[in-house]
Amino acid sequence: MNREQKTVDWRKLAKTLTPRTQAFIDGKYQPSISGATFDCINPATGKSIAQVASCDSADVDVPSRARAALSTPATGRAAPRPRARR
């Protein structure tokens, strides 16, 4: 490390971070459909970091249904504006 580099206190920095607790589904962060959560545990301390969205097959089906709709002939070949109205 040269003299121009700045030392970062990663522990201090880590305390300022807030973890995302929602699932990233269909291009956005949102809670699980069921509303269920689970504890995200820090393995070094055994303490809970956050309550995180617990997704199941219903959450997985959301983007799958959207993809299936785009692959249907009527919707998949439609121009973006008419497709948005469906």
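Please read these numbers as outputs of a predicted model, since none were measured by experiment. Counting restarts for each chain: residues are numbered from 1 in the order of the written sequence. Only residues with pLDDT of 70 or above have their local features reported here, since the model is predicted, and side-chain atom pairs are shown and tallied only from 80 upward, although totals for entire chains, interfaces and linings are computed over all residues. Neither water nor hydrogens contribute to the side-chain values; these are computed over all heavy atoms in the structure.

**Considerations on the overall build of the chain**
Then, in step 1: By the criteria applied, helices consist of DSSP H or I runs no shorter than four residues and strands consist of E runs no shorter than two, each listed in order from the N terminus. Within the chain, the regular secondary structure consists of 4 helices and 4 strands.
Then, in step 2: A 1.4 Å probe rolled over the protein chains alone gives each residue an accessible area, and that area as a share of the maximum for its type sets the label: buried under 20%, exposed over 50%, partly exposed in between. Looking at the chain as a whole, 12% of its 86 residues qualify as buried.
Then, in step 3: Accessible surface is estimated by sampling points in the Shrake-Rupley manner with a 1.4 Å probe; for residues, cover comes only from the protein chains shown. As displayed, the chain has an accessible area near 7500 Å², and 55% of this comes from carbon and sulfur atoms.

**Re the environment of P19**
Then, in step 1: Here P19 lies in the loop between helix 1 (10-16) and strand 1 (23-25).
Then, in step 2: Sequence separation between P19 and I49 is 30 residues, and the spatial gap between their C-alpha atoms is 8.3 Å.
Then, in step 3: The contact criterion used is simple: two residues touch if any of their non-hydrogen atoms lie within 4.5 Å. Residue contacts for P19: discarding those within four places in its chain leaves I49 and A50.

**Details of the pairing of strand 3 (residues 37-41)**
Then, in step 1: Bridging between strand 3 and strand 4 (residues 48-53) involves 5 bridges; their strand directions are antiparallel. Pairing of C40 across the sheet is with A50, part of strand 4.
Then, in step 2: Where strand 3 hands over to strand 4, the hairpin turn is made up of 6 residues, of which G46 adopts a positive phi near 75°. Pairing between two strands is assigned when DSSP locates at least 2 bridges connecting them.

**Here we look at the environment of D26**
Then, in step 1: Following the sequence through the fold, D26 ends up in the loop between strand 1 and strand 2 (28-30).
Then, in step 2: Exposure remark for D26: the relative accessible area of 42% places this residue in the partly exposed category.
Then, in step 3: Here the alpha-carbon distance between D26 and V62, two residues 36 residues apart in the chain, equals 7.1 Å.

**Concerning the packing of aromatic side chains**
Then, in step 1: Aromatic rings from Phe, Tyr and Trp, taking only the six-membered ring of Trp, are treated as a pair when their centres fall within 6.5 Å; an angle between ring planes under 30 degrees marks them as stacked, one over 60 as edge-to-face, and anything in between as tilted. For the coordinates displayed, the defined rule picks out 1 aromatic pair.
Then, in step 2: As a reminder, the over-ring test applies to NZ of lysine and CZ of arginine, requiring each to be within 6 Å of the ring centre and within 35 degrees of the ring normal. Geometry around Y29 places R20 over its ring, the cationic atom sitting 3.9 Å from the centre.

**Let's talk about the confidence of the model for the chain**
Then, in step 1: Residue-level pLDDT values for the chain average 80, and 69% of them are 70 or greater.
Then, in step 2: A score from 0 to 100, pLDDT tells how confident the predictor is in each residue. No element of the chain has a lower mean pLDDT than helix 3 (residues 73-76), at 58, and none a higher one than strand 3, at 95.

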